[in-house]
Amino acid sequence: MSDYRVLPGPEHFLPPAAASMGIRLPNPGEAHINGVIVREEDAYEEAARQFLMAKVPTIFPGPLVLWAWNEKAAKKATAIRHLFNTLVECVQPGQKPMLIPMPDYRPKYPKINPEIEINPNHPNLTIWHNKIDCCVFIGVHCHQANLSLKIIRGGTSCYTIAMCAQAGHEDAMLSFRDASVEKIMRLADTIKRLKGTVQPRLASVKNGVSN
Amino acid sequence: MAEIKSVIGTQNKKGQTYTDAWKLLNEAPRTPSFFTGSEVIKEAIRRASCDVMIAYPITPQSEAAALIGELFAEGYVGDYFRGESEFAVMSQCAGAAFGGARVFTTTAGPGTMRAMENFPMWAGARLPIQMIVTCRGINSPLSIQPDTLEIAYLLNTGMLVWHAETAQDFFDWILKGYMVSEEPDVHLPLALCCDGFFVTHTKDVVNLTPADMCLPPYDPYRSPVPCMDMECPPVRMMRDPFVMKSNYISYATHASWQQEIWAAVERSRKHSIHWLNGLIDTENTDADIMIVSSGTAVSQGREAIRMLEDEGVRCGLVKVKTLRPWPEEEIREATKNAKHIFVPEFNVTGWLAKEIRATIPNPHRVHAGPHVCGGMTMPPEIIVSEIKTALGMKTLSLAGRGS
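Residues numbered from 1 in each chain as written. Chains lettered and ligands numbered in written order. Predicted model: local features only at pLDDT ≥ 70, side-chain atom pairs only at ≥ 80, totals over all residues. Heavy atoms only, no water.

Re the overall build of chain A
So the rule is basically this: Strands here are runs of E lasting at least two residues and helices are runs of H or I lasting at least four, both read from the DSSP assignment and numbered beginning at the N terminus. Under the scheme applied here, a residue whose accessible area is under 20% of the maximum for its type counts as buried, over 50% as exposed, and between as partly exposed, the area being computed with a 1.4 Å probe on protein chains only. Whether two residues are in contact is decided by their heavy atoms: any pair within 4.5 Å suffices. Areas reported here follow the Shrake-Rupley algorithm with a probe of radius 1.4 Å; residue values treat only the protein chains shown as occluding.
When helices and strands are counted, chain A shows six helices and seven strands. Looking at chain A as a whole, 58% of its 211 residues qualify as buried. Put simply, 70% of the contacts in chain A that link residues at least 6 apart link residues at least 24 apart. Accessible surface, chain A: about 8400 Å² in total, of which carbon and sulfur atoms supply 56%.

Focus: the environment of Met163 of chain A
Residue and element names in this part refer to chain A. Within the secondary structure, Met163 sits in strand β6 (residues 159–163). Along the primary structure Met163 and Ala73 are separated by 90 residues, whereas in three dimensions their C-alpha atoms are 14 Å apart. Sequence-distant contacts of Met163, that is, excluding residues within four places in its chain, are made with Val136, Phe137, Ile138, Gly139, Phe176, Ala179, Lys183, Ile184 and Leu187.

Looking at the nonpolar core
All names here are of chain B. As a reminder, the rule being used: The nonpolar core is taken to be a set of buried Ala, Val, Leu, Ile, Met, Phe, Trp, Tyr and Cys residues, with the residues joined through side-chain atoms within 4.5 Å.
Core analysis: the biggest nonpolar cluster contains 51 residues, and Ile41, Ile45, Phe104, Phe170 and Leu192 have the highest contact counts within it. When residues in this core are grouped by element, the largest group, nine residues, is from helix α8 (residues 167–181). Beyond its immediate stretch of four places on either side in the chain, Phe170 contacts Gly37, Val40, Ile41, Ile132, Ala164, Leu192, Cys193, Cys194 and Val199. Residues Val52, Ala125, Val320 and Ile341 belong to the second largest nonpolar core, which totals 46 residues.

Quick word on the confidence of the model for chain A
To be explicit about the condition: A score from 0 to 100, pLDDT tells how confident the predictor is in each residue.
Scored by pLDDT, chain A has a mean of 90; 88% of the residues are at 70 or more. For residues 205–211 of chain A, every residue scores under 50 in pLDDT, and the model assigns this stretch 15 contacts once sequence neighbours within four places are set aside.

Focus on the pattern of salt bridges
All names here are of chain B. For clarity, the threshold we go by: A pairing counts as a salt bridge when a side-chain nitrogen of Lys or Arg comes within 4 Å of a carboxyl oxygen of Asp or Glu.
This model, assessed by the stated rule, comprises 38 salt bridges over all chains. When the shortest N-O distance is used, the salt bridge between Asp172 and Arg30 registers 2.8 Å. In this pair, Asp172 is assigned in helix α8 and Arg30 in the loop between α1 (21–26) and β2 (31–36), connecting sequence segments 142 residues apart. Owing to a relative accessible area of 12%, Asp172 belongs among the buried residues under this scheme. Residue Glu311 pairs with Lys388 through a salt bridge whose shortest N-O separation is 2.7 Å. In this pair, Glu311 sits in the loop between α10 (297–310) and β13 (315–320) while Lys388 sits in helix α13 (residues 380–390), placing the two residues 77 residues apart along the sequence. What makes Glu311 partly exposed here is its relative accessible area of 43%. Through salt bridges with shared partners, one network takes in Glu165, Asp169, Glu283, Arg302 and Lys319.

Some remarks on the side chain of Ser223 of chain B
The condition that has to hold: Polar contact is defined as a pair of N or O atoms within 3.5 Å, subject to the rule that within protein one atom must be able to donate a hydrogen and the other to accept it, and that residues adjacent in sequence are counted only when both atoms are side-chain atoms.
Mapping Ser223 of chain B onto the fold places it in the loop between β10 (213–214) and α9 (248–276). In this structure Ser223 of chain B comes out as buried when scored by relative accessible area, which is 14%. Among the polar contacts listed, one links the side chain of Ser223 of chain B to the backbone oxygen of Val225 of chain B, at a separation of 3.0 Å. Among all residues touching Ser223 of chain B, those that are not within four sequence positions of it are His141 of chain A together with His187 and Tyr218 of chain B.

Considering empty space enclosed by the protein
The condition that has to hold: Cavity and pocket criteria rest on a 1 Å grid covering protein atoms alone: a 1.4 Å probe that fits but cannot get out defines a cavity, protein on both sides within 12 Å along at least 5 of 7 lines defines an open pocket, and an atom within 4 Å of a point defines a lining residue. Grid points are joined across faces, edges and corners, and a volume is the space filled by probe spheres set on the points. For this classification, Asp, Glu, Lys and Arg are treated as charged, while Ala, Val, Leu, Ile, Met, Phe, Trp, Tyr, Cys and Pro are nonpolar and the rest, including Gly, are polar.
Tallied over the full model, the rule gives five cavities of 30 Å³ or more. Its volume calculated, the second largest cavity comes out at about 70 Å³. Together, His12, Phe13, Leu14, Pro15, Asn124, Lys150, Ile151, Gly154 and Gly155 of chain A together with Tyr248, Ala252 and Ser256 of chain B line the second largest cavity. For the lining of the second largest cavity, the elements supplying multiple residues, two or more each, are α5 (142–155) of chain A together with α9 of chain B. Tallying contributions element by element places α5 of chain A first for the lining of the second largest cavity, with four residues. A class-by-class count of the residues in the lining of the second largest cavity yields six nonpolar, five polar and one charged.

See the structure below:
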C-alpha cells in the first residue's frame, strides 16, 4: 500500500492525482479514508463525524441527481434532501449546514455566483466564499468530480467526501462507491445516531476555515 | 428516460445472446479454428457488439478492415464506412464515441502517425475507442513490413497500450479490451498492437467462443464525463476555452485534467490484471538470465530459451502484455534475481529496453537487444548469439549463414 495519504490541503501549487501516488479505489463493500481502504461501515461513521464536526458542512448535489433523467435519480434526490434535513436537525448552534446544487458544469466565467452554483473548475471559489470546511459530492460525473476534488485539495483546507455511484474517488479524503438511495439514507441514519456525541470544532476556527 | 435494464440473456437482431463478458471469455466452450490474424480480428468483432467501425486502407490492416465490412453487410456491426484519410477516420471515431457508440478501427504504420493528433484528444475526451495497430515501418525509405517503432509514439498519448503476441491474444484481448477501457474509472481509448504480417497474415489455431454469443453492449450512461458537451472540460472548445484565459485556475484545470488522464491509466491496472490474468507472464524467474519482451519477440525469445537449454544455459522469460499501464512492480519482481536482462525488439530505437532500464534497480543489467527493424525477421539464433556473446561464450557469426 502507498504511504501517500489524501489529506485536507492546501497541499501544493499543483498536487498530484492520488492515483499516481499509489492510492487505489475500494472494491465493492469497501470505502477509503485518506487513501486507506476501510470497511464501508467505518466510512459511514467517519463521514458522519466529519459532518458533525464541521462549521459549514455542505452537500453538493450534481446534475446526475438534480435532473429527473431517470427514476433512480429522482429517488436519490429525495434521499439527498432527507440527508440535508437530517444534518440540519443534528448540528449544534453555530454550525451552518448548506445544500448547494451544481446543476451544470458550464462556466459562467468571468461572472459566477458561487452562492447558488458551484462550478467544478472553480470549486475553491465556492468553498472560499462560503467558508466550507467539509463537503460531500453526490451525483457528479466521475471525472469531473476528480478534477474538482484535486483542485479543492490543492487550494483549500476543506475535507472532501465523495458518494460515487460508480467506483469511487481517490482524490477525496473519504469516498464511498456504488452509492445508492439506501447508502445515502444510511449516512443520514448514522448522522442521527451520532448526534450530540461529536464536538464541533468551532472553537478552533478563528475567521471561518483556514482556506 | 426509462431505467436501463440488464440485457444479459436477451438476443440481438442477429440472434446472438448478450452474455456476461466473464462467462463468455472464461466459461463458454471454445472451438479451435485455423485463421489468419485478420480473420481473428473479424471474429472478435463479430462477438463485440460494436456499433461503429470506420476503415481506411493501409497495409497490413486493410484485410481486417475489409473483413469487418463483411460483418457490416451481415448485420453484426451497426455502421461502417471509409474515411477520407487516417486523420479523418480517427476524428470520425471520436464523433461516434462522443455520441455514445462502441467504436472500433484499425490502422498501421504511417497511417497511425498521420492520425496521431487524435490520440491524445481521444484520451483527453475520455473516449473508450478501440484501435488495432498492426505495426509496420513508418519511416522513409518506405516499408510495409513489421516494425514496432510506432508503439513508441503511442506510449505518451494517454491511451491504454497493449501488445499482443499471437492471434489468440488478439481474439481475447479485443473483447477484454472493451471491458477494461469502458470501466467508468478508466474510460480511455485502447491501442491494441501487434506486429503486422507476423500476426495478421499468418494462420494459427485460435480457440474461438461461440458465434451466437456476444458482449453486452456499451452503456454510455456509465460514462464518467457528460456526453457530447462541448462546453465542459475536458472538451470545452466551443465557448470560452481555457486557452483564452490567462489565469491560475484555467491552467490548474487543464493541468489537473492531464493528471486525471494518467490517473485513469493507473486505475486500469486493477481491471487489466483481472481480465488478462496479470500484466505480465513469466517463466523461470529464478534464472540468472532473463529475456523481457513484448509482441512476437516473446515467441522468438521462447524458442531461444529452448535452444539455450540444449546448450546447458538456463534462461527465464517475461512477456509484457500491457505497456500502458506499465507493469513496473511486476517487472521489478520478475527480474530481481537476474544478472543479465535481454530485451529483443522489432525496432531500431529500443523503446522497451529504455522503459525497463527506467524501472528496475541496477539498470546496467539490461542489454538492449538484439534489435531488428525495417521488417527483418528475428531468428531465435540471434537472441542466442546475443546472450552467449554477453556471457563470454563462443558463438557462430550469423551473417554468413546460408551463404
